[in-house]
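Coordinates in review
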Amino acid sequence: MADLTTLSLIAPAKLNLFLHINGRLTNGYHELETLFVFLDYGDRLHFKRTSDNAITLKTQIDGLPDQENLIFKAANALKLATNTSFGAEISFEKHLPSGGGVGGGSSDAATTLLALNALWQLDLSLQELADIGVQLGADVPVFINGHAAIAHGIGEQLEAVELAETWYLVVHPNVHISTGLIFNDPDLPRNTPKLSSHWQSVQHTNDCEELVKKRYPEVEKTLNWLLKYGPSRMTGTGACCFVSFETQQAAQAALTSLPDSWQGFVARSTNISPAHSELRTKLN
Ligand SMILES: C[C@](O)(CO)[C@H](O)COP(=O)(O)OP(=O)(O)OC[C@H]1O[C@@H](n2ccc(N)nc2=O)[C@H](O)[C@@H]1O
Ligand SMILES: Nc1ncnc2c1ncn2[C@@H]1O[C@H](COP(=O)(O)OP(=O)(O)OP(=O)(O)O)[C@@H](O)[C@H]1O
């Protein structure tokens, strides 16, 4: 295996193709059933191994102190768990909207754990990395696991699935939605029964959608605008909404007619996380 000292890796977006809330746990978190798929679009993170024992972020996110950046938190958590004397310099380019429901922060954290596990020669298993990751966010384990999956628990119990890969137009209606606020809203439905093996034969829905549409009318407008292309849905707790297309050209054509006040991107879904595919290529 190559002894790398630098590594550049994608932190891909995810979509929740359906998201059901089955109950509330005593710690305030929610029991979920959700279908995760990855997109070949995301942030890009650059890692350099150092021998000075320090984690340094070379890029900043406006309004977010480094100590609260999930990239920094993930690197520190891995350092604490393993006592390595290596350090890292990390820079990145953000493409994913923050608070967009596409898992940008969680994916950054997972890519950091995967990359530093390799650069610091730690050889932790994916399960060990996911155990560290889940403390940073409920969405981190699926990015560590790296396969499209149905998730239960708070999102960390994963059952791999094979989905038809397709094209998506993802639209961000320029509103930032706090996941915590939606999960704590008294009007959130919390009693959807588990689908279990029936997930393929029912219409996919998101239990947060009605509430988010009420609280953020721009999300409702986005879902309605997308309807002309097919059934539109929201991912996570919003704000991004998506619709699938058979071809890249059709998705691109829809993107060009997007209202100016929104942003969007076209991406292909993948069963294997692009971070895992890239890492495999770079380590061989
Ligand atoms: C909505 C999803 O994106 C669906 O994939 C995830 O469930 C959220 O994942 P995340 O952003 O990594 O979430 P975290 O950072 O762990 O949690 C943010 C907040 O969401 C709420 N939360 C999250 C996950 C969960 N299963 N139940 C919850 O109630 C909690 O109030 C928590 O304080
Ligand atoms: N590297 C990071 N990138 C983006 N947000 C970060 C990062 N580190 C910390 N955060 C914080 O996390 C919050 C949520 O960001 P994130 O992009 O993960 O939301 P999200 O897409 O709604 O996630 P999810 O789908 O997991 O709920 C941001 O508002 C920001 O304060």
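All figures in this text were calculated on a predicted structure; none of them were measured in a lab.

Quick word on the nonpolar core
If you look at the biggest cluster of nonpolar residues, it comprises 38 residues, and the most contacted ones within it are L78, I90, L113, L116 and I144. Sequence-distant contacts of L78, defined by excluding residues within four places in its chain, comprise L113, L116, N117, W120, L122, L124, L129 and I132. In this structure, W225, F245, A254 and L258 belong to the second largest nonpolar core, which totals 29 residues.

A short note on the packing of aromatic side chains
Here the structure, examined in full by the defined rule, presents six aromatic pairs. Both rings, one in Y41 and one in F265, keep their centres 3.9 Å apart while their planes meet at 10°; by these two values the pair is stacked. One end of the pair, Y41, is in strand β2 (residues 30-50); the other, F265, is in strand β10 (residues 263-270), with 224 residues separating them in the sequence. Take F265: its relative accessible area is 7%, and that puts it in the buried class. Aromatic pair Y168 and F242: ring centres 5.7 Å apart, planes at 80°, arrangement edge-to-face. One end of the pair, Y168, is in strand β7 (residues 167-172); the other, F242, is in strand β9 (residues 241-245), and 74 residues separate them in sequence. This pair shows no difference in class: Y168 is buried, exactly as F242 is.

Concerning the site of ligand 2
L70, K94, G105, D139 and T179 are the nearest of the 22 residues found near ligand 2. Between a nitrogen atom of ligand 2 and a side-chain N or O atom of D108, the distance comes to 3.0 Å. Here an oxygen atom of ligand 2 and a side-chain polar atom of H176 are 3.0 Å apart. Isolated, ligand 2 exposes 620 Å² of accessible area, and the fraction of that covered by the protein chains is 81%. Elements represented by at least two residues in the shell around ligand 2 include exactly α1 (70-82) and α2 (104-119). Broken down by element, the residue count for the shell around ligand 2 peaks at four residues, all from α2. A per-class count over the shell around ligand 2 returns six nonpolar, eleven polar and five charged.

Overview of the UniProt feature "domain: GHMP kinase C-terminal" (unreviewed entry) in the chain
Those places that UniProt annotates as "domain: GHMP kinase C-terminal" (unreviewed entry) correspond, in this numbering, to residues 202-261. The straight-line gap between the two end C-alpha atoms of residues 202-261 is 34 Å; of that span, 43% is helix and 12% is strand.

Conventions we followed
- Residues numbered from 1 in each chain as written.
- Chains lettered and ligands numbered in written order.
- Predicted model: local features only at pLDDT ≥ 70, side-chain atom pairs only at ≥ 80, totals over all residues.
- Heavy atoms only, no water.
- Core = buried A, V, L, I, M, F, W, Y, C linked by side-chain atoms within 4.5 Å.
- Buried < 20%, exposed > 50% of the residue type's maximum accessible area, 1.4 Å probe, protein only.
- Contact = heavy atoms within 4.5 Å.
- Phe/Tyr/Trp six-rings, centres within 6.5 Å; stacked < 30°, edge-to-face > 60°.
- Helix = DSSP H or I, 4+ residues; strand = E, 2+ residues; numbered from the N terminus.
- Near = heavy atom within 4 Å.
- Polar contact = N/O pair within 3.5 Å; in protein donor to acceptor, adjacent residues only side chain to side chain.
- Areas by Shrake-Rupley, 256 points an atom, 1.4 Å probe, with all protein chains shown as cover.
- Nonpolar A, V, L, I, M, F, W, Y, C, P; charged D, E, K, R; others polar.
- UniProt positions renumbered as here; feature names shortened; annotations may be inferred.

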